Amino acid sequence: MQIGPYKLDNNLILAPMAGVTDRPFRQLCKRMGAGLVVSEMLLSNPDVWKSDKSKHRMDHEGETGIRSVQIAGADPALMAMAAIHNVESGAQIIDINMGCPAKKVNKKMAGSALLQYPELVRDIVRAVVSAVDVPVTLKIRTGWDRDNKNGVDIARIAEGEGIQSLAVHGRTRACMYKGEAEYDTIRAIKQAVNIPVVANGDITSPQKASQVLAMTGADAVMIGRGAQGRPWIFREIAHYLETGEVLPSPALAEIRQVMLEHVSNVHQFYGEFSGARIARKHVGWYLAEHDQDRQFRSRFNAIEDAAEQIRALDQYFEQLMEPKPGFASVAEYH
């Protein structure tokens, strides 16, 4: 798949997720097989750019691969300014957020709220595309609500104003993340435009990725929540699309290694105090399958010290992988 001058390694994209797709997670997913990773949403209001949160979101130091940065806002001039600022900070692709359904974003007329105002969509896209010399992409939903699925109209506006790739989440703003994603609208959008279209929503397995690509005719798939605690989903999908074979689940030893490396990188990136708190949600996702009674996670979430978090995780996996009398090691089943 091609976005402007950039040819992706494959057609698997990590979705931008606020509070999730920071630099440590992006780099991990890239190493695990994602063809493109997109940064967390950055607000177009310059008043917040100097906050610690925004500084971390704009930190691309040492980052490998194509740097795609998502911006959000409702004022065309501010969005253009944000695009310029992020390109100056190292962004190679600017992605416009018109898909976020969160109330705090929508009440500022940003995110998916913009789908109600096609002319404003046109003005924002035109302003951003005109402001920078890098490719501009767009992420949308299928519409505002089930009675107003205007995704095809928005896609045509986007193409006409120079958007070079369009990601579509198969839900309306009103649906939030409830119910099942639908792909008929994504297929209709793909048939209506000539730019690359990326299908997003409920892609949680290699088989589902293959089905969605076939159903929609999309050029790529975008994985969001399906990668939380499962960054190896990208290599699993890539292998399945290439061979038709399902890769075995990662061994406990690999899960341990990946999670410990990820948690350590979070500590280093944010500092031990904030890093220890941010690490909790990632550990919760990694261990959802193994710690079903949540006993370990409850204890882990009370740990304030970064080094103690690493020790606790090490001990947990030692116990998990320890052979029980009369039984084979858990690790042997992976």
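Before reading further, recall that the structure is shown in the block above.
To start, this report covers the structure provided alongside it. Fair warning: this is a prediction, and the values are worked out from it, not measured in the lab.

### Digging into the overall build of the protein chain
Regarding its fold elements, the protein chain presents 13 helices and ten strands. C-alpha extents for the protein chain along the principal axes are approximately 70 × 45 × 35 Å. Counting over 334 residues, the protein chain shows a buried share of 52%. The contacts of the protein chain with a sequence gap of at least 6 include a subset with a gap of at least 24, amounting to 68%. As displayed, the protein chain has an accessible area near 14,900 Å², and 49% of this comes from carbon and sulfur atoms. Considering the protein chain, the positive charge centre built from 39 side chains and the negative charge centre built from 40 side chains are found 4 Å apart.

### Things to note about the packing of helix α10 (residues 252-270) against helix α13 (residues 306-321)
Relative orientation of the contacting elements α10 and α13 amounts to 175°, with a least axis distance of 11 Å. In terms of axis orientation, α10 runs roughly antiparallel to α13. Contact residues: L252, A253, I255, R256, M259, L260, V263, S264 and H267 in α10; A306, Q309, I310, L313, D314, F317, E318, L320 and M321 in α13. Along the lines of polarity and charge, the residues of the contact of α10 with α13 split into twelve nonpolar, three polar and three charged.

### Some details on the side chain of T185
Among the structural elements, T185 can be located in helix α7 (residues 184-192). For T185, a relative accessible area of 13% puts it in the buried group.

### A closer look at the sheet that holds strand β3 (residues 12-14)
If you walk around this closed barrel you meet the eight strands as β3-β4-β5-β6-β7-β8-β9-β10, and the pairing is parallel. Neighbour to neighbour, the strand axes of the sheet diverge by 25° on average, direction disregarded. Both strand β5 (residues 67-72) and strand β6 (residues 93-98) contribute to a ladder of four bridges, which runs parallel. From the neighbouring strand, S68 faces β6, where its bridge partner is I93. Helix α9 (residues 233-243) contacts β3 and β10 (220-223) of the sheet and is inclined by roughly 165° relative to β3.

### Focus on the pattern of salt bridges
A full pass over the atoms with the stated rule returns 18 salt bridges. For the salt bridge of E318 with R256, the shortest nitrogen-to-oxygen distance reads 2.8 Å. Linking E318 in helix α13 with R256 in helix α10, this pair joins segments that are 62 residues apart in sequence. Take E318: its relative accessible area is 45%, and that puts it in the partly exposed class. Members of the salt-bridge network, linked through shared partners, are E119, R122, R126 and E161.

Rules of the game
Residues numbered from 1 in each chain as written. Predicted model: local features only at pLDDT ≥ 70, side-chain atom pairs only at ≥ 80, totals over all residues. Heavy atoms only, no water. Helix = DSSP H or I, 4+ residues; strand = E, 2+ residues; numbered from the N terminus. Buried < 20%, exposed > 50% of the residue type's maximum accessible area, 1.4 Å probe, protein only. Contact = heavy atoms within 4.5 Å. Areas by Shrake-Rupley, 256 points an atom, 1.4 Å probe, with all protein chains shown as cover. Lys, Arg positive; Asp, Glu negative; His and termini not counted. Charge placed at Lys NZ, Arg CZ, Asp CG, Glu CD. Axes fitted to C-alpha atoms, helices over the stretch in contact; angles between N-to-C directions. Parallel < 35°, antiparallel > 145°, perpendicular 65-115°, else oblique. Nonpolar A, V, L, I, M, F, W, Y, C, P; charged D, E, K, R; others polar. Pairing = 2+ DSSP bridges. Salt bridge = Lys/Arg side-chain N within 4 Å of Asp/Glu carboxyl O.

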